[in-house]
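# Commentary on secondary and tertiary structure
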Amino acid sequence: MTEEIKPILSISELALYYGEKKALNNITMDIYPNEITALIGPSGCGKSTLLRSINRMNDLISTATITGSISYKGHNIYSPKVDTVDLRKDIGMVFQQPNPFPFSIYENVVYGLRLKGEKDKAVLDEAVETSLRAGNIWDEVKDSLHKSALSLSGGQQQRVCIARVLAVKPEIILLDEATSALDPISSGKIEEVMLELKQNYTLVAVTHNMQQASRISDRTAFMLSGDLVEYSNTTDIFLNPQEKQTEEYIAGKFG
């Protein structure tokens, strides 16, 4: 008998309001370890809002009100006892636009470790190499670690940003349209990185690119107007959707 895989994250009855406007409508879904979960749907459907709820980035928006829960390692991340800084080390985020800090490549990668008080150069050096290798960019930058990260191409900057997240050893990586600002070759490199990373991490990715979702994700959630319309393994969502709205969206009839 195969052992049942337990979710790493359980979202339950999650609703979110910006002022009076309801942006998420009672979302319930489980995220499983060592998988890529894709969130798809038209602009404004709530997928980025849902993603940002998973590491409490919406806390930064003063009008946001949240009900329901997100359970990570058996604890509700919205409990007043949760330290959001610690939470965001465990659940890191890569944004749509590459956002390296105006420092060297090396200092970008070790930024989170320095915040934690790490001063040992050997530890920092190892983290830089390990994280840049995992981000599939070590060979391109190993001879220019002390150059500004801003001197890199957009695709390289995004991989440095992924390495920066990896350096603090998260368990979950959230990607908010991480390839949408990039050219197809750079996007392909990020996809390769994601497929490698899922051996050791859990990834949740918002994407507008349905081909990308079908290529790289294990499960796909289709959202519309703040509702979770359908959530299943990716093959079923794309080849045998249960809901008419899912079928129409995947067929390109709206969105």
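Structural data are supplied above this passage.
Overview of the structure.

### With respect to the packing of helix H3 (residues 105-115) against helix H6 (residues 154-167)
- Contact geometry for H3 and H6: axes closest at 7 Å, N-to-C directions at 30 degrees. Classed by the angle they form, the pair H3 and H6 counts as roughly parallel. H3 and H6 meet at a crossing whose hand is right-handed. In this structure, H3 contributes Ile105, Asn108, Val109 and Leu113 to the contact, and H6 contributes Val160, Ala163, Arg164 and Ala167.
- Looking at the contact of H3 with H6 residue by residue, the class counts come to six nonpolar, one polar and one charged.

### Quick notes on the environment of glutamate 196
- Mapped onto the elements, glutamate 196 comes out in helix H7 (residues 184-197).
- Residue classification places glutamate 196 among the exposed positions, given a relative accessible area of 51%.
- Sequence-wise, glutamate 196 and asparagine 136 are 60 residues apart; in three dimensions their C-alpha atoms are separated by 9.2 Å.

### Things to note about the packing of helix H4 (residues 121-134) against H6
- Put simply, H4 and H6 touch, their axes get as near as 8 Å, and they point 125 degrees apart. One element, H4, and the other, H6, form an angle in the oblique class. The handedness of the crossing between H4 and H6 is right-handed. Two secondary-structure elements touch here, H4 through Ser131, Leu132 and Ala134 and H6 through Val160, Ala163, Leu166 and Ala167.
- Classifying every residue of the contact of H4 with H6 gives six nonpolar, one polar and no charged.

### Some thoughts on the layout of surface pockets
- One number sums up the size of the largest pocket: a volume of about 520 Å³.
- Taken together, 17 residues line the largest pocket, and the ones lying closest to its centre are Arg88, Lys89, Met93, Tyr111 and Val165.
- Listed by contribution, the elements that provide at least two residues to the lining of the largest pocket are helix H2 (84-90), strand S6 (91-94), H3 and H6.
- Residue classes in the lining of the largest pocket are distributed as ten nonpolar, four polar and three charged.
- Reported here for the second largest pocket is a volume of approximately 360 Å³.
- Around the second largest pocket, the lining is made up of 18 residues, and of these Thr130, Ser131, Ala134, Leu166 and Tyr201 lie nearest the centre.
- For the lining of the second largest pocket, the secondary structure elements donating two or more residues are H4, H6 and H7.
- Here the element with the most residues in the lining of the second largest pocket is H4; it accounts for seven residues.
- Tallied by class, residues from the lining of the second largest pocket come to nine nonpolar, four polar and five charged.

### Describing the sheet that holds strand S1 (residues 9-18)
- The strand order across the open sheet formed by four strands is S2-S1-S4-S5, and the pairing between neighbours is antiparallel. A strand with exactly one partner marks an edge of an open sheet, and here the two such strands are strand S2 (21-31) and strand S5 (75-76).
- Of the pairings in the sheet, the one linking strand S4 (residues 64-72) to S5 comprises two bridges and is antiparallel in character. By the bridge assignment, serine 71 is partnered in S5 with asparagine 76.

### Re H4
- End to end, H4 covers 20 Å across 14 residues, agreeing with the expected 20 Å (1.5 Å per residue, within 8%).
- Looking at the packing, one finds that the buried side of H4 touches H3, helix H5 (138-141) and H6.
- By the N-cap criterion, in which a side-chain oxygen at the helix start approaches the backbone nitrogen of a residue two or three places on, H4 is capped by aspartate 120, the distance to alanine 122 being 2.9 Å.
- The positive-phi residue at the C-terminal boundary of H4 is asparagine 136, with phi of around 60 degrees.

What counts, and at which threshold
- In this numbering scheme, every chain counts its residues from 1 along its sequence in written order.
- Reporting of local features is limited, given that this is a predicted model, to residues whose pLDDT is at least 70; pairs of side-chain atoms are given and counted only at 80 or more, and all residues count toward the totals for whole chains, interfaces and linings.
- The basis for the side-chain values is all heavy atoms of the structure; hydrogens and waters are excluded.
- As a rule, the C-alpha atoms of each element are fitted with a line to give its axis, helices using only the stretch in contact, and angles between N-to-C directions run from 0 to 180 degrees.
- Segments assigned H or I by DSSP are reported as helices when at least four residues long, segments assigned E as strands when at least two residues long, and all are numbered from the N terminus.
- The labels follow the angle: roughly parallel below 35 degrees, roughly antiparallel above 145, roughly perpendicular from 65 to 115, and oblique for the rest.
- For any helix crossing, the convention is left-handed if the near helix is rotated counterclockwise from the far helix by under a right angle, and right-handed if that rotation is clockwise.
- In what follows, residue pairs with any heavy atoms lying within 4.5 Å of each other are defined as contacts.
- In the scheme used here, Gly and all other residues not listed as nonpolar or charged are polar, with Ala, Val, Leu, Ile, Met, Phe, Trp, Tyr, Cys and Pro taken as nonpolar and Asp, Glu, Lys and Arg as charged.
- Throughout, exposure labels follow a simple rule: accessible area from a 1.4 Å probe, protein chains only, divided by the maximum for the residue type, with under 20% read as buried, over 50% as exposed, and the rest as partly exposed.
- Throughout, the protein atoms alone are placed on a 1 Å grid, and a set of points is a cavity if a 1.4 Å probe fits but cannot get out or a pocket if it is open with protein on both sides within 12 Å along at least five of seven lines; lining residues have an atom within 4 Å of a point.
- Grid points are joined across faces, edges and corners, and a volume is the space filled by probe spheres set on the points.
- Any two strands with at least two DSSP bridges between them are considered paired.
- Helix span is expected to be 1.5 Å times the residue number reduced by one.
- We call two N or O atoms a polar contact when they sit within 3.5 Å, provided that within protein one can donate a hydrogen and the other can accept it, with sequence-adjacent residues counted only if both atoms are side-chain atoms.

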